[in-house]
Amino acid sequence: MALTTFFSLCLLIIIAAIQVAGQTTPVAEAPAPAADNCNGIFLQYVFTSGSKIKPTLKTRQPYKFQSILSITNNGLDELKLWRVFVGFQHDEILVSASNAVLADGESFPALVGNGTVFAGFPAADLKTAVETAGDTTQTTAQIKIVGTQFGVGSPNVPMPSNISLENDGFICPKPSMQGKSVMQVCCNKDSNFKTNLTLGEKFSPRQDGDLTIMYDILRTYDSNYWAQVTIANHNPLGRLDNWKLSWDWMNDEFIWEMKGAYPSVVDTSECVFGPQAKFYQNLDFSTGLNCQRRPTLIDLPLEKTNDTKLGMIPFCCRNGTILPPAMDPSKSVSAFQMNVFKMPPDLNRSSFTPPQNWKIEGRLNPDYKCGPPVRVSPTQVPDPSGLLPATSVFASWQVVCNITQPKGASPRCCVSFSAFYNESIIPCPTCACGCPSNNARTCSTKAPALLLPSQALLVPFDNRTKMSLAWADINHLPVSNPLPCGDNCGVSINWHLFTDYRGGWSARITIFNWEDAAFADWFTAVELDKAAAGFDAVYSFNGTMLDGVNNTIFMQGLPGLNYIVAEADGANPEKDPRVPGKQQSVISFTKKNIPNINIPAGDGFPTKLYFNGEECSLPKVLPTSSSSRISSFTVTTSILAAVVVFMLVRQ
């Protein structure tokens, strides 16, 4: 009886257990990862570690930081040439970044405290999960970032202000934070954006820019290839003089031979003591040109154009001058060729790695920022004879460079204003082109520049002190203590209102070259917002209204006179100051069809002025017309001032 009761109890327990096991009790599921909820481009920035580094400071303590930036394509279309902005905000210095380069062409280490844009390298495109069966190695890019930041130590986390996709046609909302060290955002396609891309195209379309550089593979062998680099200027106000082109080799490539240009440094020692010599054991590196990881290339002089060894390349050998297409289309392009040796694993005829981090600069020219090279359709090379059809090169990459004004950068030219109704010259602003870091004598970087007599424009700044002080004393003008610093500009331009009458007016422009080098094929462009429509003629220059640029007059030297000489010694170098190179012309305007124009009120002064593509610094004030009625006392004072100034110069 007891045994039966025991078995019955066990049976009831088993049945109850089965019933309980069969019940479905709802359990709270963990939230899905943010990436799973994104059907666009998912971006994630994760701060992984940070540590204090030397030196130990009370303020602006440096810290090493490491982060991971991930880009995942969860959409239905391939993401071509991805670019991601990271809003660094702690004066970061990037030391390295895997699988990416900086889109503005900067090399590591790079200052990115105002944010920077990453571009994919060597893989620039992200395929979709649909076409790869979810292969994350093809749909995701992961960038490991190492750098230095200032002032944010543990337990605080130096996160960026923002992350966003920079590709056209995408909308990125404000990113969200997951804890203190993870920032995420999902960027989706803009339904209103229209693109000219065709899905399935093998190559990216060519882009427009102020300056474009083509990297074309002309001939290819297993271990080396010949490339042609072509620089083309498209900006009506852009130009380069004595251009210097640099880039970074990514796989230990080196330059063996060149035609049409040359390295600024001929040195193969880095190959001899590097992996190149171990691989190319039978190569005589003494006959090579350059093994620097970041070479700098310069143009050849004109006399090398027909040199059978170094020249004979179309558009080569112009001493580094690239003009705007409006001046001379044939001189708006520069080209050269080079023989590049490769290193493993690129040892086959079809494997090429174009250089990255391109940078180009010139003498007193605009600043250019260059993007990464983009693979485009092969360039068509015309047959030299003109009888056969054009042939395609093996591969082509395009680098697009645009004119930019770096934060904190100073111009390299300046403008002074004067007028017939005022005796004083308003000179270039103090430190218009930057102040020297170490002054031999104390000067004020904030005090306004002293007004000048007209004679002082021909005298270097260091020799103007007596003249400007005498002029200030005669005209009862305030003088700062210490005196204001100079403008430190290599080129200064004076804009003088010459006449003003009922039917028109005129101005005189004078260009002064204070540099040790001359300017050939120079140009200047003047923007006059209200008065340009009345432009009539330029008498000593060649001047026209510039097509495609509003209210801008373009001026250049006449044939045979397009040369501004360098600064030179005076007649008596021991006593006389140096003399600048100078060019001058009068410009006439009409007031027809320009009602209510007021020249003395400021309508006759430039709103912008460019010299050789560089935007010059303008005065912040205009000459006043209060002295347009000159009394006999003023005339006497002017004569006395001229005598005093003359005597000071003689001394």
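As the structure is a prediction and not an experimental result, all values here were calculated from the model.

What counts, and at which threshold
- Residues numbered from 1 in each chain as written.
- Predicted model: local features only at pLDDT ≥ 70, side-chain atom pairs only at ≥ 80, totals over all residues.
- Heavy atoms only, no water.
- Salt bridge = Lys/Arg side-chain N within 4 Å of Asp/Glu carboxyl O.
- Helix = DSSP H or I, 4+ residues; strand = E, 2+ residues; numbered from the N terminus.
- Buried < 20%, exposed > 50% of the residue type's maximum accessible area, 1.4 Å probe, protein only.
- Pairing = 2+ DSSP bridges.
- Polar contact = N/O pair within 3.5 Å; in protein donor to acceptor, adjacent residues only side chain to side chain.
- Contact = heavy atoms within 4.5 Å.
- Disulfide = S-S within 2.5 Å.
- Axes fitted to C-alpha atoms, helices over the stretch in contact; angles between N-to-C directions.

Chemist: How do you make sense of the pattern of salt bridges when you look at a structure like this?
Modeler: Pairing between side chains of opposite charge can happen when the charged atoms of each approach one another. Summed over the entire model, instances satisfying the criterion amount to 18 salt bridges. Ionic pairing is found between D77 and K189, a salt bridge with its closest N-O pair at 2.5 Å. With D77 in the loop between β2 (62-73) and β3 (83-86) and K189 in strand β12 (residues 182-189), this residue pair connects regions lying 112 residues apart in the sequence. With a relative accessible area of 29%, D77 lands in the partly exposed category.

Chemist: When you look at the pairing of strand β27 (residues 422-426) in this model, what are you seeing that I'm missing?
Modeler: Successive side chains on a regular strand alternate, one facing one side of the sheet and the next facing the other. Of all 5 residues in β27, 4 are buried; the element is thus mostly enclosed. Here 2 bridges tie strand β26 (residues 413-419) to β27, and the two strands are oriented antiparallel to one another. Bridge pairing in β27 links A419 to N422. Count of turn residues in the β26/β27 antiparallel hairpin: 2 residues.

Chemist: How should I be thinking about the side chain of N290 in this particular structure?
Modeler: With respect to the secondary-structure elements, N290 resides in the loop between α5 (275-279) and β18 (296-299). With relative accessibility at 1%, the residue N290 sits in the buried group. For N290, the side chain forms a polar contact with the main-chain nitrogen of Q292, separated by 2.9 Å. The contacts of N290, once residues within four sequence positions are left out, are F254, I255, P263, V265, D267, T268 and P295.

Chemist: Sorry, what's going on with the state of the cysteines here?
Modeler: Within this structure, the stated rule accounts for 10 disulfides. One disulfide in the model links C271 with C291; its S-S distance is 1.9 Å. Between C271 and C291 the sulfur-sulfur dihedral comes to about -100°; the bridge is accordingly left-handed. Placement of the pair is C271 in helix α4 (residues 269-272) and C291 in the loop between α5 and β18, with a sequence separation of 20 residues. Taking the relative accessible area as the measure of exposure, C291 reaches 4% and is therefore buried. Two residues, C413 and C616, share a disulfide whose sulfurs are 2.0 Å apart.

Chemist: Sorry, what's going on with the sheet that holds strand β36 (residues 581-590) here?
Modeler: Note on sheets: strands pair through backbone hydrogen bonds, and any given pair is parallel or antiparallel. Strands sit in the order β27-β26-β28-β29-β36-β32 across an open sheet of 6 strands; the sheet is mixed. In this open sheet, the two strands that pair with only one neighbour each are β27 and β32 (535-538). Sheet twist, expressed as the mean angle between neighbouring strand axes with direction ignored, is 20°. With 9 bridges connecting them, strand β28 (residues 491-500) and strand β29 (residues 504-513) associate as antiparallel partners. Bridging across to β29, N494 finds its partner in T510.

Remember, this is a structural readout, not a statement about activity or role.
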